[in-house]
Amino acid sequence: MTVALRPELPALLVEEQVKTALLEDLGRAGDITTLATIGPDMTATANMSAREAGVIAGMELARTAFRLVDPSIRFEALVADGDRVAPGITVARISGRARGVLSAERVALNFLMHLSGISSYTAKFADEIGHTAAKVCCTRKTIPGLRALEKYAVRLSGGSNHRYGLDDAVLIKDNHIAVSGGVAGAIRAARAYCGHLVKVEVEVDGLAQMREALTAAPDVILLDNMGPELLREAVAVNAEHWGLSAASYAGDLRRTRLEASGNVKIETIRALAESGVDYISTSKITMAAPTLDIGLDISI
């Protein structure tokens, strides 16, 4: 039995992201409020707690924020990324020199609240379709500079990643087709240009385009703005093209994968998933996710 491992963030990426955020916050003169009011030898202990239910993401970024400001600060994580928490749960305890605790607080919380918000919102979408084989996917609609972190947060709670950028997979969209002159021709051109390890996906807006796309055997077909009924038809067209029965369709590794996209909402994703598509991509889980309310309170 294969155990699915939780994703991890590269340490160098965490260090770079946190350092950039701290430099932005501390500016040229440092935390002048804390420097003016807190003595260098004063100490503090703080509890970082969830104020609402959700899925935690970004704990290592929070830890790194305190470490970079003051390496002597002790950060004790009480939960791990990917854990679901209830309101009132203490997720971490921080102790050490008060100046460092107070100066790193906001950067640590910003990362933790933002990424936990994405994980929590993704979990709601994933839970809606957990009874199906479909996966909810994020897109390239992310905050510039934070894409790797946001995609990490998506994976923590049952979501799946789409391509990371323009350089790791081909996605032929309607504008590419309009300029290049046709669906099948664009797919073949992409195959000729890219190596055998690069996946090729093409966007179609109807069953006629889909049938044309299938003749060029893309890895994935993106079904744009189609409702559940049309998606079911698309699944049937795909099965017919590959000569598959309903019983053998889901597990067949040869067939083209199908992705639904376009104005996907928490209220509609269940019906889309029940159509039989493999993936459902939405920018909502990264661009519309509310932050998870997490606070830091000094206990001593």
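Residues numbered from 1 in each chain as written. Predicted model: local features only at pLDDT ≥ 70, side-chain atom pairs only at ≥ 80, totals over all residues. Heavy atoms only, no water.

The name an unreviewed UniProt entry gives the protein chain is Probable nicotinate-nucleotide pyrophosphorylase [carboxylating], with Sinorhizobium fredii as the organism. Note on the protein chain: under the UniProt heading Function (unreviewed entry), the record states "Involved in the catabolism of quinolinic acid (QA)." Recorded under Catalytic activity (unreviewed entry), the UniProt text for the protein chain is reproduced unchanged: "nicotinate beta-D-ribonucleotide + CO2 + diphosphate = quinolinate + 5-phospho-alpha-D-ribose 1-diphosphate + 2 H(+)". (UniProt positions renumbered as here; feature names shortened; annotations may be inferred.)

Draft legend 1. Geometry of the overall build of the protein chain. The secondary structure content of the protein chain amounts to twelve helices and twelve strands. With respect to the three principal axes, the spread of C-alpha positions in the protein chain is 75 × 35 × 35 Å. Taken over 300 residues, the protein chain has a buried fraction of 49%. Counting only contacts in the protein chain whose residues sit at least 6 apart along the sequence, the fraction spanning at least 24 positions is 71%. Separation of charge centres in the protein chain, based on 32 positive and 36 negative side chains, amounts to 2 Å. (Helix = DSSP H or I, 4+ residues; strand = E, 2+ residues; numbered from the N terminus. Buried < 20%, exposed > 50% of the residue type's maximum accessible area, 1.4 Å probe, protein only. Contact = heavy atoms within 4.5 Å. Lys, Arg positive; Asp, Glu negative; His and termini not counted. Charge placed at Lys NZ, Arg CZ, Asp CG, Glu CD.)

Draft legend 2. The arrangement of the sheet that holds strand 3 (residues 74-77) in detail. Taken in spatial order, the four strands of this open sheet run 3-5-1-12, and their pairing is antiparallel. Either end of the sheet is taken by a strand with one partner, and the two such strands are strand 3 and strand 12 (294-298). Sheet twist, expressed as the average angle between the axes of neighbouring strands with direction ignored, equals 15°. Two elements, strand 1 (residues 43-50) and strand 5 (residues 90-97), share seven bridges in a ladder whose sense is antiparallel. Pairing of Met48 across the sheet is with Ala92, part of strand 5. Across the sheet, helix 3 (residues 59-69) touches strand 1, strand 3, strand 5 and strand 12, and the angle it forms with strand 3 is around 170°. (Pairing = 2+ DSSP bridges. Axes fitted to C-alpha atoms, helices over the stretch in contact; angles between N-to-C directions.)

Draft legend 3. A look at the domain arrangement of the protein chain. Taken as a whole, the protein chain is organised into domain 1 (11-117 + 290-299) and domain 2 (126-288). For domain 1 and domain 2, the distance between their C-alpha centres works out to 37 Å. Each partner contributes to the interface: domain 1 provides 14 residues, whereas domain 2 provides twelve residues. A buried area of about 980 Å², summed over both sides, lies between domain 1 and domain 2, and 64% of it is on carbon and sulfur atoms. (Domains from an automatic or database assignment. Buried area = accessible area lost by both parts, 1.4 Å probe.)

Draft legend 4. Geometry of the pairing of strand 1. Direction of pairing for strand 1 relative to strand 12: antiparallel, over a ladder of five bridges. Directly across from Ala50, in strand 12, lies its bridge partner Ile294.

Draft legend 5. Seen up close, the UniProt feature "domain: Quinolinate phosphoribosyl transferase N-terminal" (unreviewed entry) in the protein chain. Within this numbering scheme, the UniProt entry marks residues 31-116 as carrying the feature "domain: Quinolinate phosphoribosyl transferase N-terminal" (unreviewed entry). When the span residues 31-116 is considered, its composition is 42% helix and 28% strand, and the gap between its end C-alpha atoms is 26 Å.

Draft legend 6. A look at the packing of aromatic side chains. Taken as a whole, this structure holds two aromatic pairs when the rule is applied. Centre to centre, the rings of Tyr121 and Phe125 are 5.1 Å apart; their planes meet at 80°, and the pair counts as edge-to-face. Taken together, the residues Tyr121 and Phe125, both in helix 4 (residues 98-128) and four residues apart, mark about one turn of the helix. Over the ring of Tyr164 we find Lys151, and its NZ or CZ is 5.4 Å from the ring centre. The cationic tip of Arg255 hangs over the ring face of Tyr249; the distance from NZ or CZ to the ring centre is 4.0 Å. (Phe/Tyr/Trp six-rings, centres within 6.5 Å; stacked < 30°, edge-to-face > 60°. Lys NZ or Arg CZ within 6 Å of the ring centre and 35° of its normal.)

Draft legend 7. Structural view of unusual backbone geometry. Positioned with a positive phi, Asn225 is a non-glycine residue whose angle comes to about 55°. Mapped onto the elements, Asn225 comes out in the loop between strand 9 (220-224) and helix 9 (228-242). Take Asn225: its relative accessible area is 53%, and that puts it in the exposed class. Within the chain, Asn263 stands out as a residue other than glycine whose phi angle is a positive 55°. Examined against the element boundaries, Asn263 turns out to sit in the loop between strand 10 (257-261) and helix 11 (269-273).

Draft legend 8. Highlighting the nonpolar core. Of all hydrophobic cores here, the largest spans 85 residues; its most connected members are Met48, Phe66, Val91, Met210 and Leu223. If one sorts the elements of this core by residue count, helix 4 sits on top with 13 residues. Each of two domains, domain 1 (11-117 + 290-299) and domain 2 (126-288), supplies a minimum of three residues to this core. If sequence neighbours within four positions are ignored, Met210 has contacts with Val204, Ile221, Leu223, Ala234, Val237, Asn238 and Leu258. (Core = buried A, V, L, I, M, F, W, Y, C linked by side-chain atoms within 4.5 Å.)

Draft legend 9. Layout of the packing of helix 1 (residues 11-26) against helix 4. Orientation of helix 1 relative to helix 4, taken along the N-to-C sense of each, is 130°, at an axis distance of 10 Å. The orientation of helix 1 relative to helix 4 falls into the category oblique. Both helix 1 and helix 4 take part in a crossing whose hand is right-handed. Here helix 1 contributes Gln17, Val18, Ala21, Leu22, Asp25 and Leu26 to the contact with helix 4, which in turn contributes Ser103, Arg106, Val107 and Phe111. The residue makeup of the contact of helix 1 with helix 4, split by class, is six nonpolar, two polar and two charged. (Parallel < 35°, antiparallel > 145°, perpendicular 65-115°, else oblique. Left-handed = near helix turned anticlockwise from the far one by under 90°. Nonpolar A, V, L, I, M, F, W, Y, C, P; charged D, E, K, R; others polar.)

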